[in-house]
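Next come the chains, spelled out residue by residue.
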Amino acid sequence: MDRQVSLEHLRRTRFSSAGQERAQSDARRIAALLRNEGARRVIGFGSAFAPDRRFKPTSDIDLAVEGLPASRYFSALAVAQEMTRFRLDIFPLESALDYLRESVQEEGVPL
């Protein structure tokens, strides 16, 4: 593979650190919304928050939330999705599977 093709591939498949920084900024704004909706804690995890993981154009923002009333989950998710250009996953910790709770515990960043 020649140098130009390699550089083009990297440009298309990898965000600069600015992409990850934008995702983190969006996540902080979304966390404020979720707290206003009743969440006690919001924790970011996954590639948007891990410095040793690659954040790509197809990466998403993963947030774990604790205490968000079930009656507000879907409306908050709809508003939150409009606050970012990235795909967004919001996981209620109360009903999360064990592997997800472990990921949040190991690599989570409180927001």
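No experiment lies behind these values; they were computed from the predicted model shown.

Trainee: Just to check I follow, could you spell out the overall build of the protein chain for this structure?
Mentor: Counting its regular elements, the protein chain contains four helices and four strands. Counting from the amino terminus, the protein chain carries its helices and strands in the arrangement α-α-β-β-α-β-α-β. Here the protein chain holds 111 residues, and 36% of them are scored as buried. A separation of at least 24 residues holds for 74% of the contacts in the protein chain among residues at least 6 apart in sequence. Roughly 7000 Å² of accessible area belongs to the protein chain as shown, and the carbon and sulfur atoms make up 50% of that amount.

Trainee: What exactly am I supposed to notice about the environment of aspartate 26 here?
Mentor: Looking at the secondary structure, you find aspartate 26 in helix 2 (residues 17-36). For the pair aspartate 26 and isoleucine 61, spaced 35 residues apart in the sequence, the C-alpha separation amounts to 8.8 Å. In this view, aspartate 26 contacts Ile61, Met83, Thr84, Arg85 and Phe86; residues no more than four positions away in its chain are not counted.

Trainee: Honestly, the pairing of strand 1 (residues 41-45) in this entry has me stumped. Any pointers?
Mentor: For a regular strand, the rule is simple: side chains alternate between the two faces of the sheet. Taking burial as the measure, the five residues of strand 1 include four buried ones, the bulk of the element. Where strand 1 meets strand 2 (residues 60-66), five bridges bridge the pair, whose relative direction is antiparallel. Directly across from valine 42, in strand 2, lies its bridge partner valine 65. Direction of pairing for strand 1 relative to strand 4 (residues 109-110): antiparallel, over a ladder of two bridges. Along strand 4, the bridge assignment pairs glycine 44 with valine 109.

Trainee: Explain the side chain of aspartate 62 here, please?
Mentor: Checked against the element boundaries, aspartate 62 lands in strand 2. Once you skip the residues sitting within four places of it in the chain, aspartate 62 turns out to touch Ile43, Gly44, Phe45, Gly46, Phe49, Asp89 and Phe91.

Trainee: For this particular structure, what's the right way to read helix 3 (residues 70-81)?
Mentor: A turn of α-helix holds 3.6 residues, and therefore any two residues three or four places apart point the same way. If you check helix 3, its first and last C-alpha atoms are 17 Å apart, about what twelve residues at 1.5 Å a residue would give, namely 16 Å. All of the buried residues in helix 3 are Tyr73, Ala76 and Ala80. Projected onto a plane normal to the axis of helix 3, the buried residues spread over an arc of 90 degrees and lie on a single side. Exposed residues on helix 3 whose side chains face more than 90 degrees from its buried face are Ser71 and Phe74. Of the surrounding elements, those touching the buried residues of helix 3 are helix 2 and strand 3 (87-92).

Conventions adopted
- Residues numbered from 1 in each chain as written.
- Predicted model: local features only at pLDDT ≥ 70, side-chain atom pairs only at ≥ 80, totals over all residues.
- Heavy atoms only, no water.
- Helix = DSSP H or I, 4+ residues; strand = E, 2+ residues; numbered from the N terminus.
- Buried < 20%, exposed > 50% of the residue type's maximum accessible area, 1.4 Å probe, protein only.
- Contact = heavy atoms within 4.5 Å.
- Areas by Shrake-Rupley, 256 points an atom, 1.4 Å probe, with all protein chains shown as cover.
- Pairing = 2+ DSSP bridges.
- Expected span 1.5 Å × (residues − 1).
- Arc of directions from axis to C-beta.

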